[in-house]
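# Structure at a glance
This is what each chain is made of:
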Amino acid sequence: MSVPIYVPVDSAALALGADEVASAIAGEAQKRGIAIRLVRNGSRGMFWLEPLVEVETQQGRIAYGPVGPGDVKGLFDAGFESGGSHDLSLGPTEEIPYLKKQERLTFARVGIIDPLSLEDYLACAGYQGLRRAVSLSPAGIVQEITESGLRGRGGAAFPTGIKWNTVLQAEADRKYVVCNADEGDSGTFADRMLMEGDPYSLIEGMTIAALAVGATQGYIYVRSEYPHAVATLNRAISIAKDAGYLGSDILGSGKSFELEVRKAAGAYVCGEETAMLESIEGKRGIVRAKPPLPALYGLFGKPTAINNVISLATVPVIMARGAEFYRHYGMGRSRGTLPFQLAGNIKRGGLVEKAFGVTLREMLYDFGGGTASGLPVRAVQVGGPLGSYLPDSQWDVAMDYEEYSAIFAVLGHGGIVVHDETADLARLARYAMDFCAIESCGKCTPCRIGSVRGVEVMDRIIAGERNQIGLLRELCDTMLYGSMCAMGGMTPYPVLSALNHFPEDFGVAGERHA
Amino acid sequence: MKVSADRIADLAARHGEKPGALLPLLHAIQDEMGHIPPSAAGIIAKALNLSSAEVRGVISFYHHFRTEPSSSPRVEICCAESCQSMGSEALLAHARKTCEVHPVYCLGLCAVSPAMMVDGKPHARVTPEKFDSVMKKAAS
Ligand SMILES: Cc1cc2nc3c(=O)[nH]c(=O)nc-3n(C[C@H](O)[C@H](O)[C@H](O)COP(=O)(O)O)c2cc1C
Ligand code: SF4
Ligand code: FES
């Protein structure tokens, strides 16, 4: 019997040398005449331990990490292929506290299975959701998703069931499902990990969405910075199609659904849903005026359900285990779990899927272990480049959409970027304006001109002109209330939160605002 | 020149049938030729029934598309917030001493910042020393 040994193919693991480790293991095993079966899994999301190598033993999977190619000989000397102990031993993977304390529903299979093995997927509850969905009416599927309380994980947190219902009710000869995999927010990588580590869950979720709204064609719009995700999805789609999970007559339902990956081209604003539609249509990614809603007048003018990767990949578990099971997690109107991403200056960066209601302080310390630099944490940006900077006094607020909104902050796509005490919040505020100026689609003045002015004003503030603060606030007001989309409309979140909570960096100590 | 014009026309014929064919076609051209030659706009416009101005407008809108050959190897360093918090500014300054660098905004490697791509291959926790050794390997 050959021993299964797991070495991740996740991009972050590759970036830390996972391929070199995999070939060293294969070479050493051959030299020693030990029969192994090398499996390239997704990542468990504990990136400070990557490359994390796991061995299947009678006691379950045993982890070793971080493993470098130079450690491989020693691991074999220690008999790691049968779970032998070594300096890099981490014990049973599932017992590592970082993983054990999580509630993995959307990420249940990521890091465990071979991403492209349909057999693995089916063995871990894969396609149970679709099986149930084909036995229901479209309205029945929509009702289940509505009752689960699932809200969009791409940023805006709009209830998914309500959106699907609008598309379902629309009369049209053709409808679409589009997956937004543009994941441009700094500090986020959940979409990437899921697409690289469990692509069938996204494909299954989109197929269920298609049955629910009556769509026959789907697109996954993936950012060009994610070549590995694109390759994995393309292979998974072709395997799923050969097995009858895509194409015509899905699972004997008589319904058909085709799926295609479309590669984006490096424009942050194309993550905005209407700009994304323009881009898929082959145009410049300029934001469309709403109404009409894309649910009614979307891709090529047809009703279109647009959802984020995580929203869609969560659909199968909801359908398989029921709305009640899912909504049992979370708090208030934030039901279920959110895959948080711990990034930046953090000791234990990675993916932490938890029910809503956890606090940032738990994330930073219980999971993250403080900063990577060892210096105190100073500011934490939650929710991507359009999210607020949170000071220590706000780290005990429950991570819930409404609680965050009450403190002028957002959860967004769940990205958490940690800065230590060397951070200069005025420079980060300037960066936020600059990013907006670079990425603005140019359609409306508050964003296009406002952001350029914002950079100038920030330059003057940084040069010591304190009388510019009033102007900065006015500019932020104009952008907040006058922009057509959240690009210009939310750039004031990082800027104003930095100014209000860290005024000393703007040369105005003592003028703290709420 | 002639060869690439024929090849672009070929690719245009191959992708032209798709709804919204322009981006897939531009990707195909750049993936194969390393950039989108200036002569391409006219050929694409004809094949897809668009105006050359429209095609050029699309090419210039997207940061990913380039109309000139890239430096080799192509070095892209992430300059977004997470990588900034781990010293990407110093890395950028160091890298620019020896080669041309293209700033990018997030590679999805933010838990192992700072990050970069060299000819499409991801590298994480890139210190100036690691940068030098990656570049040395890329050159050999
Ligand atoms: C500037 C900007 C960038 C955005 N980027 C993304 C993105 O990368 N991924 C995403 O899913 N949603 C993004 N959104 C939100 C989308 O417009 C949209 O709300 C979302 O895709 C809907 O899916 P959901 O309901 O499942 O979240 C962005 C919005 C704006 C204004
Ligand atoms: S806010 Fe900015 S990105 Fe959004 S529509 Fe206006 S100009 Fe375009
Ligand atoms: S911010 Fe640099 S990889 Fe995400």
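Residues numbered from 1 in each chain as written. Chains lettered and ligands numbered in written order. Predicted model: local features only at pLDDT ≥ 70, side-chain atom pairs only at ≥ 80, totals over all residues. Heavy atoms only, no water.

### A word on the sheet that holds strand S2 (residues 36–39) of chain A
Residue and element names in this part refer to chain A.
- Spatially, 5 strands are ordered S2-S1-S3-S4-S5 in an open sheet, and the strand pairing comes out mixed. Each having just a single partner strand, S2 and strand S5 (89–92) make up the two edges of the open sheet. Adjacent strand axes in the sheet meet at a mean angle of 25°, parallel and antiparallel pairs treated alike.
- Both strand S4 (residues 60–64) and S5 contribute to a ladder of 3 bridges, which runs antiparallel. Paired with Ile62 across the bridge in S5 is Pro92.
- Packed on one face of the sheet, helix H2 (residues 18–32) meets strand S1 (3–6), S2 and strand S3 (53–57) and runs near 170° to S2. (Pairing = 2+ DSSP bridges. Helix = DSSP H or I, 4+ residues; strand = E, 2+ residues; numbered from the N terminus. Axes fitted to C-alpha atoms, helices over the stretch in contact; angles between N-to-C directions. Contact = heavy atoms within 4.5 Å.)

### A word on the site of ligand 1
Residue and element names in this part refer to chain A.
- Close to ligand 1 lie 19 residues, the nearest being Gly154, Asn180, Asn307, Asn308 and Ser311.
- One of the backbone N or O atoms of Glu183 is found 3.1 Å from an oxygen atom in ligand 1.
- Contact between ligand 1 and Ser311: an oxygen atom at 2.7 Å from a side-chain N or O atom of the residue.
- Expressed as a share of its isolated accessible area of 610 Å², the protein-covered part of ligand 1 is 91%.
- Listed by contribution, the elements that provide at least two residues to the shell around ligand 1 are strand S9 (304–308) and helix H20 (486–490). (Near = heavy atom within 4 Å. Polar contact = N/O pair within 3.5 Å; in protein donor to acceptor, adjacent residues only side chain to side chain. Areas by Shrake-Rupley, 256 points an atom, 1.4 Å probe, with all protein chains shown as cover.)

### Observations concerning the confidence of the model for chain B
- Mean pLDDT over chain B works out to 95, with 99% of the residues at or above the 70 mark.
- The ipTM, which scores confidence in the relative placement of chains, is 0.97 for this predicted complex, and the corresponding pTM is 0.97. (pLDDT = per-residue confidence, 0-100.)

### Here we look at the interface of chain B and chain A
- Contacts between the two partners involve 38 residues from chain B, matched on the other side by 59 residues from chain A.
- Broken down residue by residue, the surface that chain B buries against chain A is led by Phe61, Glu81 and Tyr105 of chain B, which jointly contribute 18%.
- Here chain B is connected to chain A by 3 salt bridges.
- With a shortest N-O distance of 3.9 Å, Lys121 of chain B and Glu20 of chain A are connected by a salt bridge.
- One can count 21 residue pairs in polar contact (both at pLDDT 80 or more) joining chain B with chain A.
- Mapped onto the side of chain B that touches chain A, the elements with two or more residues apiece are helix H2 (22–33), helix H4 (52–61), helix H5 (81–84) and strand S4 (121–123) of chain B.
- Partitioning the side of chain B that touches chain A into residue classes produces 21 nonpolar, 10 polar and 7 charged. (Buried area = accessible area lost by both parts, 1.4 Å probe. Salt bridge = Lys/Arg side-chain N within 4 Å of Asp/Glu carboxyl O. Nonpolar A, V, L, I, M, F, W, Y, C, P; charged D, E, K, R; others polar.)

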